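Structural characterization, general
Listed here are the chains, written in short residue letters.
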Amino acid sequence: MTPVMLAAKKRMARNKKQLAGNLVWNGDELTEDIYVFMLNDTDIQELESAMRHFVALDKKWGHINQSTFPLPVLGPILRQRSKEIHYEYGLLIVRGLTPSNYTSEQFMILHAGISSWIGSQRAVQNGNTSREMNVALHITDHDLQKIRAQDPNRFVPSSNTNAAMPFHTDSGDIISLAYVQLSQTGGQVRVASSGTVINTLQQENPKVIETLRQPWPWHMVGNNPEAAYHGLLHDTMGKDGLPKMILMSERRPFFGDEKCARPKWLPELSGEQKYALEAIERVASGCCHTIKLEVGDIFFLNNLAVLHARSSYVDSSQDPASKRHAIRIVLRDWQNGWDIPPALHQRYHTMFSRITHPDEEGWQVTPHIWGNDPQHG
């Protein structure tokens, strides 16, 4: 057997391997009792005590961690939940906080404090061309038509509109979303197991799996270098010693949009690559689970193992206090985090290695339009 034939045989065997375990699920198998952790009055009192403790330290928010936000009872529970997010179902909702009981600053401190027990490191969420190293971004509708009327060339990402978002992944390990307010209608959040999507594609059309493994021409918006060539499917290992697969699915790095065009010197996606993205969306839609959110929920998802989508929505009014509003923090945990595949080292370096001192973390309390350089590549 020639080396080429041997490599092809190994590739076929790898592509046919089925993923197993609790991270591989169908939407109808999930129930809220699996991933919702309901805070009781004692829990909330402990969180508020930790918040007051941190405020009394008079430090910048970049210093929020397990030591400065002490949770002697809740902390071990959240650490166990962190392990479950990484290796069980990939989801967690911490429920029971009422945002209106706190100032904007207090609620963000509570969010950051709880998140620090799930993931030990926060990511910078804007590209390396920005001097503002923001670790918290606000997801809300900034009224696209009004903005474009004032500045036709202003870039507005979909996260700052009420538009629907197909199944996708973000950058980083754990995505944490704290919901300050929900919309009047729409805004439905759906999640799908990446493992189930991979297994289904392997059974239906192994050619798609091979396409996902091949290099894709990413536009790394706001980063240097401007482009990267790596696949959407990566093999890696977890801290449990078992092999894992990371499935990525994004749109703007490959298609751009009207206010953030993709460079013409980057090749367009092939027909096979476009079909692969459509196949991910189709399969994810068929095996997804709908999350029923409540105001005050802090929603964690394993971005390496779970795809997520959002339907379009309508707010009850244009009053900022009444509009759908989530605060996003991106996390990685030194103890539970999966190994980073070599192809993603640049992305992770840009996100997790730029901050050398806690005082450098950027925290914007009020919603703002993201720049045109959120992490992609």
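Computed from a prediction, not measured in an experiment: that's the story for all the values here.

1. Notes on the sheet that holds strand β13 (residues 289-291)
- Reading across the sheet, the four strands line up as β5-β15-β8-β13 and stay open at both edges, with antiparallel pairing between neighbours. Looking along the sheet, the strands with just one partner apiece sit at the ends: β5 (165-168) and β13. Going across the sheet, the axis of each strand differs from the next one's by a mean of 20 degrees, ignoring polarity.
- Where β5 lies against strand β15 (residues 306-310), two bridges are found, and the strand directions are antiparallel. Following the sheet pairing, H168 is matched in β15 by H308.
- Those strands touched by helix α7 (residues 194-204) are β8 (189-193) and β15, and its axis lies near 55 degrees from that of β8.
- Sheet contacts for helix α10 (residues 271-286): β5, β8 and β15; angle to β5, the most-contacted strand, approximately 90 degrees.

2. Some thoughts on the packing of α7 against helix α8 (residues 206-213)
- The geometry of α7 relative to α8 is characterised by a closest axis approach of 5 Å and an angle of 125 degrees between their N-to-C directions. Between α7 and α8, the angle is such that the two are oblique. Between α7 and α8, the residues in contact are I198, L201, Q202 and E204 and P206, V208, I209 and L212, respectively.
- Across the contact of α7 with α8, the residue classes break down as six nonpolar, one polar and one charged.

3. Some words on the state of the cysteines
- By the definition in use, this model includes zero disulfides.
- For C287, which is in no disulfide, the shortest distance to another cysteine sulfur is to C288 and amounts to 6.9 Å.

4. Quick notes on the packing of aromatic side chains
- With the rule as written, the count across this model stands at four aromatic pairs.
- A centroid spacing of 5.7 Å and a plane angle of 75 degrees characterise the contact between W61 and W363, whose relative ring orientation is edge-to-face. Taken together, the residues W61 in the loop between α3 (41-57) and α4 (74-87) and W363 in strand β18 (residues 362-363) connect sequence positions 302 residues apart.
- Ring pairs connect the aromatic residues W216, W218 and F254, which therefore count as one cluster.
- For K244, the ring lying beneath its charged end belongs to W338, and the centroid distance is 5.9 Å.

5. Thoughts on the pairing of strand β12 (residues 243-247)
- Across the five residues that make up β12, a large majority, four, are buried.
- Two strands pair when backbone bridges link them, and strand β11 (residues 233-237) and β12 are joined in this way by five bridges, in the antiparallel orientation. Bridge pairing in β12 links L233 to L247.
- Two successive antiparallel strands, β11 and β12, enclose a turn made up of five residues, where G241 displays a positive phi of approximately 80 degrees.

6. As for the side chain of T169
- By the secondary structure assignment, T169 is in the loop between β5 and β6 (174-181).
- Judged by its relative accessible area of 3%, T169 is buried.
- T169 has contacts with L247, M248, S249, E250, N303, V306, L307 and H308, leaving out every residue within four places of it along the chain.

7. Here's the deal with the confidence of the model for the protein
- Across the protein, the average pLDDT comes to 88, with 84% of residues at 70 or higher.
- For the stretch residues 372-377, pLDDT sits under 50, and the model shows 37 contacts to residues farther than four places along the chain or on other chains.

8. Concerning the nonpolar core
- Ranked by internal contacts, the top residues of the largest apolar core, which has 61 residues, are L91, L201, L212, W216 and F299.
- Tallying contributions element by element places α10 first for this core, with six residues.
- Beyond its immediate chain neighbours, meaning those up to four positions away, W216 contacts T211, A228, Y229, H230, G231, L232, F254, L269, Q273, A276 and L277.
- Counting 36 residues, the second-largest nonpolar core is a separate cluster that includes I64, L71, I109 and I118.

Basis of the calculations
By convention here, each chain's residues receive numbers from 1 onward along its written sequence. Per-residue local features of the predicted model are confined to residues with pLDDT of at least 70, and side-chain atom pairs are confined, for both listing and counting, to 80 or more; whole-chain, interface and lining totals are unaffected and use all residues. Derived side-chain values reflect all non-hydrogen atoms in the structure, with water molecules and hydrogen atoms excluded from consideration. For two strands to be treated as a pair, DSSP must find no fewer than two bridges joining them. Helix numbering and strand numbering both begin at the N terminus, where a helix is a DSSP run of H or I of at least 4 residues and a strand a DSSP run of E of at least 2. To get an axis, fit a line to the C-alpha atoms, keeping to the stretch in contact for a helix; angles then go from 0 to 180 degrees between the N-to-C directions. Residues are treated as being in contact if the distance between any of their heavy atoms lies within 4.5 Å. Working rule for angles: under 35 degrees goes down as roughly parallel, over 145 as roughly antiparallel, 65 to 115 as roughly perpendicular, anything else as oblique. Only Asp, Glu, Lys and Arg are considered charged, only Ala, Val, Leu, Ile, Met, Phe, Trp, Tyr, Cys and Pro nonpolar, and every remaining residue, Gly among them, polar. Any two cysteine sulfur atoms lying within 2.5 Å of each other are counted as a disulfide. The aromatic pairing rule takes the rings of Phe, Tyr and Trp, using the six-membered ring of Trp, and pairs them if the centres are within 6.5 Å, calling planes under 30 degrees apart stacked, those over 60 edge-to-face and the rest tilted. To sit over a ring, a charge needs its Lys NZ or Arg CZ within 6 Å of the ring centre and within 35 degrees of the ring normal. Here the term buried applies to any residue with accessible area under 20% of the maximum for its type, exposed to any over 50%, and partly exposed to those in between, with areas from a 1.4 Å probe on protein chains only. The predictor attaches a confidence to each residue, called pLDDT, with possible values from 0 through 100. Nonpolar core, defined: a set of buried Ala, Val, Leu, Ile, Met, Phe, Trp, Tyr and Cys residues in which side-chain atoms within 4.5 Å join the residues together.

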